[in-house]
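Structural features, examined
The chain contents come next:
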Amino acid sequence: MKFLQIAKKDLKAEFRTKQMLNSMVIFALLVIVIFSFAFGNEATIFVSNLNKKIVDLLAPGMLWIAFTFAGMLGLSRSFAGEKEEGCLEGLKLCPADRSAIYNGKVLSNAVLMFLMEMATLPIFVVLFSYDIKNLPGLIVVIILGTLGFIFVGTLLSALTVNTRTREILLPVILFPVLIPVILSAVTATGTMLANGDFSDVSGEMQILVVYDIIFFVVAQMVFEYTIED
Amino acid sequence: MPKKIVYALTAILVLISMYLLFFVAPIPIDPGSAAGDPNNFKIFYFHLPIAISAYLSFAIVFVSSILYLRSKKQKWDMLSLSAAEVGVVFAFLTLVSGSIWGKSAWGAYWVSWDVRLNTSLILFLIYLSYLMIRQAVEEPEKRARLSAVFGIIGFISVPISFLSVRFYSKMHPCVVPPCPSGGGGGIGGVVLYYLLFNFVAYFLLAATLIMLRMDNEELREKANELKRKNNL
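Let me begin by describing the structure that accompanies this report. (Residues numbered from 1 in each chain as written. Chains lettered and ligands numbered in written order. Predicted model: local features only at pLDDT ≥ 70, side-chain atom pairs only at ≥ 80, totals over all residues.)

Now for the overall build of chain A. Each helix and strand in chain A was counted, giving nine helices and two strands. Ordering the α and β elements of chain A from the N terminus gives α-α-β-β-α-α-α-α-α-α-α. A compact globule built from 229 residues should have a C-alpha radius of gyration of about 17 Å, and chain A, at 18 Å, falls within 12% of that. Each principal axis of the C-alpha distribution contributes one length, and for chain A these read about 60 × 35 × 30 Å. A buried classification covers 45% of the 229 residues belonging to chain A. Contacts in chain A between residues far apart in sequence, at least 24 positions, make up 82% of those at least 6 positions apart. (Helix = DSSP H or I, 4+ residues; strand = E, 2+ residues; numbered from the N terminus. Rg over C-alpha atoms; globule rule 2.2 N^0.38 Å. Buried ≥ 20, exposed ≤ 12 C-beta atoms within 10 Å, placed from the backbone. Contact = placed C-beta atoms within 7 Å.)

In structure tokens form, the structure reads like this:
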């Protein structure tokens, strides 16, 4: 349970300034606002041969672009802060397994990201006057997708913190690996927004769950190599 | 020197396979039913072998990354670097030759709902970012360690990407021959022998390039060693 202490430390430091959380939320808000300016009028047009409004087609992609881009901000700072004043060395000296550091970071990153998503979703609903048909299903999809994003993102954030161009490198190496999560989450989100249920997206849900499990387990095994020196 | 024999064999086989490709290999498509120029099928004879060679190179990156993390021996790092570079080149050639073939056969360079196209593109992108990581770290030991971690992560995500792209594009499961259902261009008989010959030629080509790249890297190490010794 040492990872809980590490997560608690991170969140305590974060909520003192709320620096990261504020920028994540505002960034996600800005992405949604820009989309609403760009597609504003066209989004309400009804496409009769698909029996959908244009906003129905765009909504899942817009949401996940906002989530992943804003989440990327949090991830790139998650280990960068530890580089200052030798905090990472202190963490490594903790009488705990190395994977506890990873699990703690996963937990704190996930909390920040869920808070950001909780703030973004209502703004999206307001700006596009959208009504979500299957909210519980949507929440499950968002949780699974976010976990996949965080599991891989935290590992690669630890990996890039040692490199010269860390802020630029992280998105470049993270997105190719994330493609399965983003594709499945976008498709499943689209179905949930349009009143589908889990039986319509069983394939996507399986991929999300399998991805989450595999990368959580693999990250436990390889994480120690990313921070050892 | 057994290495030299491999190099010579590669050169001969690739030349022969080129000759066979342009002058001998049959086109198993009925000219009447084929879209575009039926000669475009000849691309298939090297398109498939280089695609599979790229996949094999990436598998080598995966295995040698694991071996590096276990043993911390530099030769495994050199092997993953060489295999990744060769694999990226081969994957790029696969995309290019596939696009040219697609333009002729389907009328479009890129068909975004096709599974194999997207999977090859994802593979290419993942290993491109692998090379980016290598570029971004200067210390050799750290570079080897971090890129080995990514070599493992990247390879694991490939089969999941394949599955997710398949769900994402369930409308058109199989366009590129050979299809398991027997659609597309049926592969069999003489075509198969030519194809197998090309497989051998291009596997050897990939192996030769990887070996040459490793030699290259060893020489660079030696040069650096000498520089350090003489304080240059």
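Contact with chain A, which involves 26 residues of that partner, is made by 26 residues of chain B. For the side of chain A that touches chain B, the secondary-structure elements that each account for two or more residues are helix H7 (135-160), helix H8 (166-193) and helix H9 (202-227) of chain A. When grouped by side-chain class, the residues that make up the side of chain A that touches chain B number 17 nonpolar, seven polar and two charged. (Nonpolar A, V, L, I, M, F, W, Y, C, P; charged D, E, K, R; others polar.)

All names here are of chain A. The interhelical angle for the contact between helix H6 (residues 98-127) and H9, taken along N-to-C directions, is 115 degrees, at an axis separation of 8 Å. Comparing the axis directions of H6 and H9 gives the class roughly perpendicular. Seen from above, H6 lies across H9 with right-handed handedness. The residues of H9 that touch H6, namely those facing Arg98, Ser99 and Tyr102, are Ala219, Gln220, Phe223 and Glu224. For the contact of H6 with H9, a count of residues per class yields three nonpolar, two polar and two charged. (Axes fitted to C-alpha atoms, helices over the stretch in contact; angles between N-to-C directions. Parallel < 35°, antiparallel > 145°, perpendicular 65-115°, else oblique. Left-handed = near helix turned anticlockwise from the far one by under 90°.)

Residues and elements named next belong to chain A. With 28 residues, H8 should cover 40 Å at 1.5 Å per step; its first-to-last C-alpha distance of 36 Å lies more than 12% under that length. Residue leucine 178 marks the point of greatest curvature in H8, where the axis turns by about 60 degrees; the proline proline 180 follows within four residues. Across the 28 residues that make up H8, a large majority, 21, are buried. Just downstream of H8, asparagine 195 is the residue with a positive phi angle, here 65 degrees. (Expected span 1.5 Å × (residues − 1). Bend = angle between axes of the 7 residues up to and from the residue.)

What follows is about the environment of methionine 118 of chain A. Residues and elements named next belong to chain A. Relative to the helices and strands, methionine 118 is located in helix H6. Note on methionine 118: 12 C-beta atoms within 10 Å, which makes it exposed. Separated by 99 residues in sequence, methionine 118 and valine 217 have C-alpha atoms that sit 27 Å apart.

Take it as geometry only, folks, not as evidence of what the structure does.
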